[in-house]
Amino acid sequence: MKNFINISDHSSNDLRAIIEEAKKRKLQRKGLSKSAPDLDKPFDGKSMAMIFEKPSTRTRMSFDIAVKQLGGSSIILNPEGIHYGKGDETLKDTAKVLSEYVDIVMLRTSSHKNLEEFGKYLDIPIINGLSDIGHPCQILSDILTYEESNGLITGKTVSWLGDGNNNMSNSLIEAAGKFNFNLKIGCPKKYSPSKKILVWAKKNKINLTVTPKPAEAIIGSDCVMTDKWVSMNDKVNKKSKKKTLKPFQVNKKLMLKAHSDAIFMHCLPVGRGEEVTDEVIDGKQSVVWRQALNRVHAQKSIINWCMN
Ligand code: CP
Ligand code: NVA
């Protein structure tokens, strides 16, 4: 069974193949309307079930369009409206039933354990559409976006400013190892990457710098990334976390320290005026809208990879 749960689960070759297929398919469908299927319709007659335990705009829309472009169909299940992990049906039984109806499942969950458990019981592949631990689909699509703008990411320097211990930063650290880029994380000590991911990074010889100095994290960067200071379901004192993260705001002054052709990325949704200023996110270096679009293209490739 080919699940897509963590970037670290997969070989660099497989991940590279996913990116290259995404580039090729995106190019081949130039001129087609947004939801028209690709000529080969590799997902024809097949369907995906999507379960969202948390809100989503991009993941919901981009998976739906991805499936349409692959020639298949999708159904969105609201956990409140189905017997999902509730007292009346076990997660295992729900998984068995879904395996009879659809060909692949995408799950957004507050608990990474749910993903792994659900994946074990399913007879079909499962894709991580964001968990508390990782957001692998977003990071693969970000690599696609980077490479469309500035060429191969291998050997380049990516900077991550802000919360260094969330789903996005975890998947980015894993990607740094698989795609061989340098990663500089600028964050307060309190919001540094978890011990677990730091141990993984060390073991896998990732070129990773973690610094409490925002300027040090951004200097000489080819790509500057940030994320909401308070993630969905992040049970923290929001006011105090935002205050601590304030010096890590990506603003024009800080952006000037990156290379002049550096791009700015944000997975969205954005806290304007918090982790990034309007001037940067709406400025010339920002690629955030194409980044959102590329979720479609990267995810088509992830679905194909899981199905083959
Ligand atoms: N970037 C992202 O996953 O956005 P949504 O929460 O809207 O899906
Ligand atoms: N870290 C953010 C990412 C949103 C796409 C969150 O989990 O809310």
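## Observations concerning the site of ligand 2
In the vicinity of ligand 2, the contacting residues are Leu130, His135, Asn166, Asn167, Asp227, Ser231, Met232, Cys267 and Leu268. At 2.8 Å, a side-chain N or O of Asn167 approaches an oxygen atom of ligand 2. Side-chain polar atom of Ser231 to a nitrogen atom of ligand 2: 2.7 Å apart, as the coordinates give it. Considered on its own, ligand 2 offers 270 Å² of accessible surface; in the complex 95% of this is hidden by protein. Classifying every residue of the shell around ligand 2 by side-chain character gives four nonpolar, four polar and one charged.

## Considering the site of ligand 1
Close contacts around ligand 1 come from Ser56, Thr57, Arg58, Thr59, Arg108, His135, Gln138, Cys267, Leu268 and Arg295, and that covers them all. Contacts to ligand 1 include Ser56, whose side-chain N or O atom sits 2.6 Å from an oxygen atom. The side chain of Thr59 places a nitrogen or oxygen atom 2.7 Å from an oxygen atom of ligand 1. About the coverage of ligand 1: the protein hides 97% of its 260 Å² of free accessible area. Taken together, the residues of the shell around ligand 1 break down into two nonpolar, five polar and three charged.

## Looking at the sheet that holds strand β4 (residues 126-128)
Pairing within the open sheet is parallel, and its four strands lie in the order β2-β1-β3-β4. A single partner strand is all that each edge strand has here, and the edge strands are β2 (73-77) and β4. Strand-to-strand twist in this sheet, taken as the mean axis angle between neighbours without regard to direction, amounts to 20°. The strands touched by helix α2 (residues 58-69) within the sheet are β1 (47-52), β2, β3 (104-108) and β4, with β1 carrying the most contacts at an inclination of about 175°.

## Notes on helix α4 (residues 112-121)
Restricting attention to buried positions, one finds in α4 the residues His112, Asn114, Leu115, Phe118 and Gly119. Buried residues of α4, seen end-on, are gathered within an arc of 155° and therefore sit on one face of the element. The exposed residues of α4 that point more than 90 degrees off its buried face are Lys113 and Lys120. In this fold, the buried residues of α4 make contact with β1, α3 (91-101), β3 and β4.

## Side note on the environment of Thr244
Summarising the element assignment, Thr244 is placed in helix α9 (residues 238-245). The class for Thr244 is partly exposed, based on a relative accessible area of 29%. Sequence-wise, Thr244 and Lys184 are 60 residues apart; in three dimensions their C-alpha atoms are separated by 19 Å. In this view, Thr244 contacts Pro188 and Tyr191; residues no more than four positions away in its chain are not counted.

## Considering the sheet that holds strand β7 (residues 208-211)
Spatial strand order, β7-β6-β5-β8-β9: five strands in an open sheet with parallel pairing. The open sheet has two edge strands, β7 and β9 (263-266), and neither has a second partner. Across the sheet, the mean angle from the axis of one strand to that of its neighbour is 20°, orientation sign disregarded. Judged from the four bridges that link them, strand β8 (residues 223-226) and β9 form a sheet pairing that is parallel. Looking at β9, one finds that Met225 is bridged to Met265. Sheet strands touched by helix α5 (residues 136-150): β8 and β9. Its angle to β9, the strand with the most contacts, is close to 160°.

The rules behind each value
- Residues numbered from 1 in each chain as written.
- Chains lettered and ligands numbered in written order.
- Predicted model: local features only at pLDDT ≥ 70, side-chain atom pairs only at ≥ 80, totals over all residues.
- Heavy atoms only, no water.
- Near = heavy atom within 4 Å.
- Polar contact = N/O pair within 3.5 Å; in protein donor to acceptor, adjacent residues only side chain to side chain.
- Areas by Shrake-Rupley, 256 points an atom, 1.4 Å probe, with all protein chains shown as cover.
- Nonpolar A, V, L, I, M, F, W, Y, C, P; charged D, E, K, R; others polar.
- Pairing = 2+ DSSP bridges.
- Helix = DSSP H or I, 4+ residues; strand = E, 2+ residues; numbered from the N terminus.
- Axes fitted to C-alpha atoms, helices over the stretch in contact; angles between N-to-C directions.
- Contact = heavy atoms within 4.5 Å.
- Buried < 20%, exposed > 50% of the residue type's maximum accessible area, 1.4 Å probe, protein only.
- Arc of directions from axis to C-beta.

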